[in-house]
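These are the residues of each chain, in order.
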Amino acid sequence: MSGRSQTPAARMEGAAALPRRNGELIFEAPWQSRIFGATVAMHEAGLFEWPEFQGHLIEEIAQQDTEDYYQRWLVAFERLLVERGLLDRDEIERRAGEYRRLERDLLD
Amino acid sequence: MAEHHGHDHHPEPPSAVEARARALESLLIEKNLVTADAIDRIVEAYESDIGPLNGARVVARAWVDPEFKRRLLADGTAAIRELGISGLRGEHLVVVENRPGVHNVIVCTLCSCYPWAVLGLPPAWYKSAAYRSRMVINPREVLAEFGLHLDEGTRVEVWDSSAETRYMVLPERPPGTEHLSEEELAALVTRDAMVGVARVEVPART
């Protein structure tokens, strides 16, 4: 009895298999999970309030309703970063171009 | 390590969106606004740990503890905190109860507001324009497409989530589960049941 009750973590793992049982992939590509993680990490570090990002996301989705949810997320996140002065639009363009032309290693 | 990538396998150029995402991430890391470790930790947590498991624990507790259920329906945010679940981003959690004659389902018509703290990340269909618009207009038909057929007499209540308020459905405890422990009950509760597009089923005994 005590042996079992002392291992709730083990049981939790079994139940954590639920998303797989429901047959959904949460992220369709690695960049989606990275950009999601970066957004949440920066919020948790106190760099912005969640509703501020959420507001941007709602606007982006309303403007261009596509099924590409994380593309909208990316645009909203970039807007927030630029508005906050954390990143500069030109440096983003430059860096993205470098990745696009394989001048930078994607896996670095 | 970097030398191994890139040169050996003649990579395809990334898509524009992928390059842009990578650009943001690398710039943020260079400027010490975020670390790769922090990103890893969050992705890992949302992919595996948080999941719908927290919600399943909440539902199972409500099924076995009427007092907890009362508190949960009165103030979801406070009640889930009793179970050590936090992670709400300032929004309020409202739990809506299925009962004979009333079926609840959640949607976010504006974007994809979802009770992350209890259900993890939303599935792709939850974010689709089709689900978001049609669930409000014709919930019975959409639910039937999910394989959930409600009888005529059952009223469907559709809860539209917002940045301030997130909903979660408290499904009905299936009959024949009186002998199950709270942990065994939690294992039966699916994400779909807590969104309201499925019932909780008891696996057939073999």
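We now turn to the structure provided with this report. (Residues numbered from 1 in each chain as written. Chains lettered and ligands numbered in written order. Predicted model: local features only at pLDDT ≥ 70, side-chain atom pairs only at ≥ 80, totals over all residues. Heavy atoms only, no water.)

**Things to note about the overall build of chain B**
Next, step 1: Along the backbone of chain B there are twelve helices and four strands.
Next, step 2: Counting only residues that meet the buried cut, chain B has 51% of its 206 residues in that class.
Next, step 3: Summed over its atoms, the accessible surface of chain B is roughly 9,700 Å², and 52% of this surface lies on carbon and sulfur atoms. (Helix = DSSP H or I, 4+ residues; strand = E, 2+ residues; numbered from the N terminus. Buried < 20%, exposed > 50% of the residue type's maximum accessible area, 1.4 Å probe, protein only. Areas by Shrake-Rupley, 256 points an atom, 1.4 Å probe, with all protein chains shown as cover.)

**What to know about unusual backbone geometry**
Next, step 1: For A:L102, which is not glycine, the phi dihedral falls at a positive 60°.
Next, step 2: Its place among the elements puts A:L102 in the segment after α7 (89-100).
Next, step 3: Take A:L102: its relative accessible area is 33%, and that puts it in the partly exposed class.
Next, step 4: Phi at B:N32 takes a positive value of approximately 60°, unusual for a residue other than glycine.
Next, step 5: Along the chain, B:N32 turns up in the loop between α2 (16-30) and α3 (36-50).
Next, step 6: Take B:N32: its relative accessible area is 68%, and that puts it in the exposed class.

**Considering the nonpolar core**
Next, step 1: Grouped together as the largest cluster of nonpolar side chains are 86 residues, with contacts concentrated most on A:F36, A:W73, A:F77 and B:Y131.
Next, step 2: Here the element with the most residues in this core is helix α6 (residues 69-83) of chain A; it accounts for eight residues.
Next, step 3: Counting the residues that make up this core, at least three belong to each of domain 1 (13-48) and domain 2 (51-195) of chain B.
Next, step 4: Setting aside its immediate chain neighbours within four residues, A:W73 contacts A:I35, A:F36, A:T39, A:W50, A:F53, A:L57 and B:W116. (Core = buried A, V, L, I, M, F, W, Y, C linked by side-chain atoms within 4.5 Å. Domains from an automatic or database assignment. Contact = heavy atoms within 4.5 Å.)

**Examining the pairing of strand β4 (residues 165-170) of chain B**
Residues and elements named next belong to chain B.
Next, step 1: By the criterion of burial, β4 is predominantly enclosed, with five of the six residues buried.
Next, step 2: With six bridges connecting them, strand β1 (residues 92-97) and β4 associate as parallel partners. Residue pairing for β4: V96 is matched across the bridge by V169. (Pairing = 2+ DSSP bridges.)

**Details of the packing of aromatic side chains**
All names here are of chain B.
Next, step 1: If you walk through the whole model with that rule in mind, you get 17 aromatic pairs over all chains.
Next, step 2: Judged by centre distance (6.1 Å) and plane angle (85°), the rings of Y131 and F146 are edge-to-face. Here the residue Y131 occupies a position in helix α9 (residues 129-137), and F146 occupies one in the loop between α10 (139-145) and β3 (155-160), the gap between them amounting to 15 residues.
Next, step 3: Judged by its relative accessible area of 4%, Y131 falls in the buried class.
Next, step 4: In this structure, R61 is placed above the aromatic ring of F68, and the distance from its NZ or CZ to the ring centre is 6.0 Å. (Phe/Tyr/Trp six-rings, centres within 6.5 Å; stacked < 30°, edge-to-face > 60°. Lys NZ or Arg CZ within 6 Å of the ring centre and 35° of its normal.)

**Quick notes on the packing of α6(A) against α2(B)**
Next, step 1: Following both chains from N to C, one finds α6(A) and α2(B) inclined at 35°, their axes separated by 11 Å at the closest point. Of the two possible hands of crossing, α6(A) and α2(B) adopt the one that is left-handed. In this structure, α6(A) uses A:Q71, A:L74, A:F77, A:E78 and A:L81 to contact α2(B), whose residues at the interface are B:V17, B:R20, B:A21, B:L24 and B:L28.
Next, step 2: Residue classes in the contact of α6(A) with α2(B) are distributed as seven nonpolar, one polar and two charged. (Axes fitted to C-alpha atoms, helices over the stretch in contact; angles between N-to-C directions. Left-handed = near helix turned anticlockwise from the far one by under 90°. Nonpolar A, V, L, I, M, F, W, Y, C, P; charged D, E, K, R; others polar.)

Such coordinate-based values are descriptive only and should not be taken to indicate function.
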